[in-house]
Every structure is written in C-alpha cells, then in structure tokens.
Amino acid sequence: MENRPVRLPVLLVLILAVNCACAGTRAPSAEAGRLFETLHMAEGMSVADVGAGDGDWTLALAERVGPGGRVFATEVKEDLVVDIRDRVERQELDNVTVLLGDDQSLGLPDSCCDAIFLRQVYHHFTDPRAMRDGFRRALQPGGVVLVVEIRIQPGWPELEGVPDRGGHGIEPEDLLAEMSADGFELVERYDSWPGDEDRYAMLFRPVTEVEPMALGFF
Ligand SMILES: C[S@@+](CC[C@H](N)C(=O)[O-])C[C@H]1O[C@@H](n2cnc3c(N)ncnc32)[C@H](O)[C@@H]1O
C-alpha cells in the first residue's frame, strides 16, 4: 500500500477526538479522567456541578452518569443558567437539572447528591460558610465534596466581596483550614491537577457526629 503523509485536516480531527472526553463538551480528557477517577464516577450517580460556568463539566458529567443518573448544575449568573439550559435542551439530555443559586444558597435539594464538584469556584464565594452548610445539606450519607482550586494568582483582579485571602485564588492551607473548621475532613489531597501548574484539588467528606447513645452514654 502507498505510504501517504497524514493530511492536516485528518490530524486536526484526530487531535480533537483525543482531546474531547465526551460528546458535546469541551472538557479536556486528561482532567475529565482524573475527575471521574477521583469521584469514582459511575452510571447512576447523582452529582452537583456547583458554579458550572459555561456547562462544559455539566455535560461531561451527564454523559458519565448516564440516563439513570443526575447532574445538578448551579450558577449565580442568570445568563449562564440560560446558556446551560440551552445546551442541555439542544443535546436532549433528560438527566440534568440546572438551578439558579445565590450568594447564600447553593439552591440544591436536600440529600440530592453522592458527590459535589466545584472547579475554581470556592474562591468566588462571598459567603463560604453558607456554601459549606449547603454542601452538608445536599450530600447523601457517604457523599463527598471535590474542590478543585487555584493558588493565589498575582496580577489577577481582586474579587469583590470575597474574604481577604491575599489575592485572587486560595492557597491549599487556607482551603483546608476553612473546610476543616466546618466539620469536613480531608479524604485525598492532590497537590497538582491537570491543566494548570497552580491548580490543586482536595476531596472532603463531612464528619458525622457520633450520637452519645451509640457510645453507650445516656
Ligand atoms: C472561574 S468560574 C468556573 C466555572 C466552571 N466551574 C469551570 O471550571 O469552567 C467561577 C464560576 O462560579 C460561579 N459562582 C460564583 N459564586 C457562586 C455561588 N455562590 N454559587 C454558584 N456559582 C457561583 C460564577 O458565576 C462563575 O461562573
């Protein structure tokens, strides 16, 4: 057979196919792989994408959990809620619920989720304590929160109304201290995360208080 050089358009299609983990989303595959592995994502799971932005990760998660699962996408920006709903409708996805949250409330139903995922969102919270309360309420027993974050970025604009942590972003020790102070324990820590050398992630679960009865005290 003749040995032909690979043509540029063919090469571009191949690169796109490799880079795109899931149909209809631009979520990069290396990061999607890490995310799915960390959350033990499987068909039928129920997961929240808090601060979903343009919805890329919502769509990737929706494909992963399949028709028997559910993804709750939340946003505080109404235009983004409209855009995500539009994408979900165009792709005829029945397993996604898009919700408008606000600074005080995630807007998620109680006990809705096996896992909550936030990608570069936590440092945008103006009332992180209210959000942490929301995580606890939205998780089913055994549920986890995966916070993907970025270290403080010199030169990035300050965010209005957020706690002062020395700039745009959050250092890992500050995230750990804030989550721990509200009763979340660290399950796994990733000092690097695909896509940006300043990105990291932490997986938490809520500490469940042991009832005095269970210890034999009355
Ligand atoms: C840097 S973007 C990240 C978007 C998306 N997670 C991603 O990785 O592409 C941060 C997003 O968090 C949203 N956000 C900020 N505070 C929020 C809150 N309290 N609840 C839900 N979303 C929030 C913003 O509107 C913004 O779209």
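This report concerns the structure included in the present document. (Residues numbered from 1 in each chain as written. Predicted model: local features only at pLDDT ≥ 70, side-chain atom pairs only at ≥ 80, totals over all residues. Heavy atoms only, no water.)

## Side note on the layout of surface pockets
- Estimated volume of the largest pocket: approximately 680 Å³.
- Gly51, Gly53, Glu75, Gln120 and Val121 are, among the 32 residues lining the largest pocket, the residues nearest its centre.
- Within the residue set of the lining of the largest pocket, elements represented by two or more residues are β1 (46–50), α3 (56–65) and β2 (70–75).
- Looking at the lining of the largest pocket residue by residue, the classes come out as 13 nonpolar, eight polar and 11 charged.
- Taken as a whole, the second largest pocket spans an internal volume of roughly 160 Å³.
- The wall of the second largest pocket is formed by Ser111, Arg136, Leu139, Gln140, Pro141, Gly142, Gly143, Glu185, Arg205, Pro206, Val207 and Thr208.
- Taken together, the elements giving at least two residues each to the lining of the second largest pocket come down to β5 (139–150) and β7 (199–206). (1 Å grid on protein atoms, 1.4 Å probe; cavity = no way out; pocket = protein on both sides within 12 Å on 5 of 7 lines; lining within 4 Å. Points joined across faces, edges and corners; volume = space filled by probe spheres on them. Helix = DSSP H or I, 4+ residues; strand = E, 2+ residues; numbered from the N terminus. Nonpolar A, V, L, I, M, F, W, Y, C, P; charged D, E, K, R; others polar.)

## What about the pattern of salt bridges?
- What the rule picks out here adds up to 11 salt bridges.
- Put simply, arginine 132 and glutamate 178 hold a salt bridge, and the shortest N to O gap is 3.6 Å. With arginine 132 in helix α5 (residues 128–138) and glutamate 178 in helix α6 (residues 172–181), the pair connects residues that are 46 residues apart, well separated along the chain. Exposure class is identical for arginine 132 and glutamate 178. Each is buried.
- The partner of glutamate 185 in a salt bridge is arginine 205, and the shortest N-O contact between them spans 2.8 Å. Highlighted residues: glutamate 185 in strand β6 (residues 184–190) and arginine 205 in strand β7, separated in sequence by 20 residues.
- For glutamate 185, a relative accessible area of 33% corresponds to the partly exposed category.
- What makes arginine 205 partly exposed here is its relative accessible area of 38%.
- Members of the salt-bridge network, linked through shared partners, are Arg129, Arg132, Arg165, Glu178 and Asp182. (Salt bridge = Lys/Arg side-chain N within 4 Å of Asp/Glu carboxyl O. Buried < 20%, exposed > 50% of the residue type's maximum accessible area, 1.4 Å probe, protein only.)

Remember that the coordinates give geometry; whether it matters functionally is a separate question.
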